[in-house]
Amino acid sequence: MAWDEWEKIKADVTDQQSVAMRLNHVPVEPSTGPSAVTGGLKSSQKAWATAGQGVGSLRQNIGTALTKLEDGQAGLGATTGCLSAAAQKEVYDSWKKYAESVSERCGSLQSILEQVGRDVLTTDEAVKAEMHKLNVKYADTDAVGGQAKGR
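Residues numbered from 1 in each chain as written. Predicted model: local features only at pLDDT ≥ 70, side-chain atom pairs only at ≥ 80, totals over all residues. Heavy atoms only, no water.

**Some remarks on the environment of lysine 97**
Structurally, lysine 97 is set in helix α3 (residues 83–118). Among the residues examined, lysine 97 registers a relative accessible area of 63% and is labelled exposed. Sequence spacing of lysine 97 and leucine 66 is 31 residues, and the spatial spacing of their C-alpha atoms is 9.8 Å. (Helix = DSSP H or I, 4+ residues; strand = E, 2+ residues; numbered from the N terminus. Buried < 20%, exposed > 50% of the residue type's maximum accessible area, 1.4 Å probe, protein only.)

**Quick word on a nonpolar patch on the surface**
A cluster of nonpolar side chains, contributed by Leu69, Val91, Trp95 and Tyr98, occupies part of the molecular surface with about 410 Å² of accessible area. At three residues, α3 tops the list of elements feeding residues into the nonpolar patch. The residue valine 91 is located in helix α3 in this model. (Patch = residues over 30% accessible without salt bridge, like charges linked within 9 Å, V, L, I, M, F, W, Y side chains within 5 Å. Areas by Shrake-Rupley, 256 points an atom, 1.4 Å probe, with all protein chains shown as cover. Salt bridge = Lys/Arg side-chain N within 4 Å of Asp/Glu carboxyl O.)

**Concerning the environment of lysine 96**
By the secondary structure assignment, lysine 96 is in helix α3. When its relative accessible area of 28% is taken as the criterion, lysine 96 is described as partly exposed. Those residues in contact with lysine 96 that sit more than four places away from it in its chain are Leu66 and Leu69. (Contact = heavy atoms within 4.5 Å.)

**A short note on the nonpolar core**
By size, the foremost hydrophobic cluster in this structure holds six residues: Val55, Ile62, Leu66, Ala99, Cys106 and Leu113. Looking at this core, the elements that each hand over two or more residues are α2 (45–73) and α3. Core analysis: the second largest hydrophobic core is formed by five residues, Ile112, Val116, Leu134 and Tyr138 among them. (Core = buried A, V, L, I, M, F, W, Y, C linked by side-chain atoms within 4.5 Å.)

**Considering the packing of aromatic side chains**
Applying the stated criterion to the full structure yields one aromatic pair. Measuring from centroid to centroid gives 5.8 Å for tryptophan 95 and tyrosine 98, while their planes differ by 80°, and the two rings are edge-to-face. Highlighted residues: tryptophan 95 and tyrosine 98, both in helix α3, separated by three residues, approximately one helical turn. (Phe/Tyr/Trp six-rings, centres within 6.5 Å; stacked < 30°, edge-to-face > 60°.)

**Quick look at the side chain of glutamine 73**
Of note, glutamine 73 is situated in helix α2. Here the side chain of glutamine 73 touches glutamine 88 through a polar contact of 2.4 Å, side chain to side chain. With sequence-adjacent residues up to four places away left out, glutamine 73 is seen in contact with Gln88, Lys89 and Tyr92. (Polar contact = N/O pair within 3.5 Å; in protein donor to acceptor, adjacent residues only side chain to side chain.)

**Considering the packing of α3 against helix α4 (residues 124–137)**
Remark: α3 packs on α4, axes separated minimally by 11 Å, with the N-to-C direction vectors making an angle of 175°. One way to sum up the angle between α3 and α4 is to call them roughly antiparallel. Facing α3, whose interface residues are Arg105, Ser108, Leu109, Ile112 and Val116, α4 presents Val127, Glu130, Met131, Leu134 and Asn135. Residue composition of the contact of α3 with α4, grouped by class: six nonpolar, two polar and two charged. (Axes fitted to C-alpha atoms, helices over the stretch in contact; angles between N-to-C directions. Parallel < 35°, antiparallel > 145°, perpendicular 65-115°, else oblique. Nonpolar A, V, L, I, M, F, W, Y, C, P; charged D, E, K, R; others polar.)

**Structural notes on the packing of α2 against α3**
Contact geometry for α2 and α3: axes closest at 8 Å, N-to-C directions at 165°. In this view, α2 runs roughly antiparallel relative to α3, as classed from their interaxial angle. Of the two possible hands of crossing, α2 and α3 adopt the one that is left-handed. Of the residues belonging to the contact of α2 with α3, the class tally is 16 nonpolar, 10 polar and eight charged. (Left-handed = near helix turned anticlockwise from the far one by under 90°.)

Structure, rendered in structure tokens:
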């Protein structure tokens, strides 16, 4: 280091100019007004946990519905020889599978929401990635009858 630079540094210190520290290139913020980084957005662990619990409560409702659906199936008996009974069983199996999948999706979403609440510093990109995984895993199937082509 040249003598001139050293003298400049000492002069700056003796002038008592405040030197602001910057971490990770986050701008220094005055104590008033919204954050330059968050734009005033505030996050609450309790809010994320509450959202997770709300989604989790949907699982309970789905479980209740599945129990009632199963109770309605009781006594159906053999479906051979009766086309309407066979069709009804097929619809039941389809809806049961779908409802179970929705319940699993709610459980996965609940877990993500609660984790974001615990790890408040999780980045938006990480949350989006988790949600994308969820969307891929539980992608809805095409509607029965296929898609309309140019009609």
